Structure formats: C-alpha cells, structure tokens
Amino acid sequence: MWSKVLDYTLRSLIRQGALTVELPGGKVLKFGDGTGPEVGIRITDTAAIRRLVLFPELALGEVYMDGSLTVDGDDVRSFLSIVVRNIDDADRVWWQRWHIKARDALRRFGQNNVPVLARRNVAHH
C-alpha cells in the first residue's frame, strides 16, 4: 500500500529531471520528464517508504542517514537538485497540506512562552 502512495506522491512532485526509485521488492519506478542526468535511489525498508510519505521533510534525511535510502553513485547533490527543482513548483498532495497546517497550528501551543516560564528559563541559563 505505501509503495502505491509513494508512487502517487512522487508522480505529483517530480515533473522535471529523471529519477529512478528501486523499492524493497525490486520494483523500479521512474519519475520526471527524462531531462538531465538520471539519478537513481534505492529504498531498502518498507517502513522508510511510510515515513517518506507521511513526513517527507524530516524523513528524507533520516532514512538516508540510517541507510534505508541509498543514492546510486553517492551522487546526493544530483538527487537533491532534482528534489529542490521540483519542490518549488510542486502541489502538495492533500495529506501533506493537512499535516503542515496541523503542525503549524500545534506549534503555537508547543512554543507557548508565557512570562512565568520565560523568567524561569532565563534564571536557569
């Protein structure tokens, strides 16, 4: 299921360039218009796919660092170039828009710094 959602998400995001994604079962997906050098990535863990779909901004770095996502030829610069070039023009899929709105709304409560707590933090430091 998560593989299909990732496929849908990347089809809506990656419109320029050439990105090849190999999934844990060996299935290969291709995205973009084929312009520029082809960049390939491998996702070795199904849990990494779920994380990338739900929390892409945070999960991309995490799954790369834990080895669940590898970039062919260690060409991270080209991979990030494709991502950044496409993210500027991308329309987020509905659950990502909802997640961003909820995160921003909840941030106000998490970062609520009333004067009493502010004084306590200043005294502590």
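To be clear, the structure that these remarks concern was listed above.
Residues numbered from 1 in each chain as written. Predicted model: local features only at pLDDT ≥ 70, side-chain atom pairs only at ≥ 80, totals over all residues. Heavy atoms only, no water.

A. Structural detail: the overall build of the chain. Counting secondary structure elements, the chain contains six helices and four strands. The secondary structure elements of the chain, listed N-terminal to C-terminal, are α-β-β-β-α-α-β-α-α-α. Among the 125 residues that make up the chain, the fraction classed as buried is 30%. Taking the contacts inside the chain whose residues are at least 6 apart along the sequence as the reference set, 44% of them involve residues at least 24 apart. In the structure as shown, the chain presents an accessible area of about 8500 Å², 57% of it carried by carbon and sulfur atoms. (Helix = DSSP H or I, 4+ residues; strand = E, 2+ residues; numbered from the N terminus. Buried < 20%, exposed > 50% of the residue type's maximum accessible area, 1.4 Å probe, protein only. Contact = heavy atoms within 4.5 Å. Areas by Shrake-Rupley, 256 points an atom, 1.4 Å probe, with all protein chains shown as cover.)

B. Molecular detail of the sheet that holds strand S1 (residues 18-22). Pairing within the open sheet is mixed, and its four strands lie in the order S2-S1-S3-S4. Strands at the two margins of the open sheet, each flanked by one partner only, are strand S2 (28-31) and strand S4 (69-71). Sheet twist, expressed as the average angle between the axes of neighbouring strands with direction ignored, equals 20°. Across four bridges, S1 lies against S2 in antiparallel orientation. Following the sheet pairing, Glu22 is matched in S2 by Val28. Taken strand by strand, helix H4 (residues 76-87) contacts S1, strand S3 (38-43) and S4, and its axis lies near 100° from that of S3. (Pairing = 2+ DSSP bridges. Axes fitted to C-alpha atoms, helices over the stretch in contact; angles between N-to-C directions.)

C. How the structure looks around a nonpolar patch on the surface. On the surface, a cluster of nonpolar side chains totalling about 220 Å² of accessible area is made up of Val114, Val116 and Leu117. In this fold, Val116 is placed in helix H6 (residues 115-124). (Patch = residues over 30% accessible without salt bridge, like charges linked within 9 Å, V, L, I, M, F, W, Y side chains within 5 Å. Salt bridge = Lys/Arg side-chain N within 4 Å of Asp/Glu carboxyl O.)

D. Focus on the pairing of S2. Here S2 shows a clear split, with Leu29 and Phe31 buried on one side and none of Val28 and Lys30 buried on the other. What sits between S1 and S2 in their antiparallel hairpin is a turn of five residues, with Gly26 showing a positive phi close to 100°.

E. Up close: the side chain of Ser68. Tracing the backbone through its elements, the reader meets Ser68 in the loop between helix H3 (56-65) and S4. Using a relative accessible area of 8% as the deciding quantity, one classes Ser68 as buried. In this structure the side chain of Ser68 is engaged in a polar contact, spanning 2.8 Å, whose partner is the side chain of Asp66. Those residues within four positions of Ser68 in sequence are excluded, and the remaining contacts are Arg42, Ile43, Thr44, Asp45, Ala48 and Val63. (Polar contact = N/O pair within 3.5 Å; in protein donor to acceptor, adjacent residues only side chain to side chain.)

F. Region of interest: the side chain of Thr9. Looking at where Thr9 falls in the secondary structure, it is placed in helix H1 (residues 2-13). Among the polar contacts made by the side chain of Thr9, one reaches the main-chain carbonyl oxygen of Val5 at a distance of 2.8 Å.

G. Local environment of unusual backbone geometry. If you check the backbone angles, Asp74 has positive phi at about 50° while not being a glycine. Inspection of the secondary structure puts Asp74 in the loop between S4 and H4. Judged by relative accessible area, which is 64%, Asp74 ranks as exposed.

H. Spotlight on the pairing of S3. In terms of strand pairing, S1 meets S3 through five bridges, oriented parallel. Along S3, the bridge assignment pairs Leu19 with Val39. Taken together, the three bridges between S3 and S4 define a ladder with antiparallel strand orientation. Considered in S4, the bridge of Ile43 is made with Leu69.

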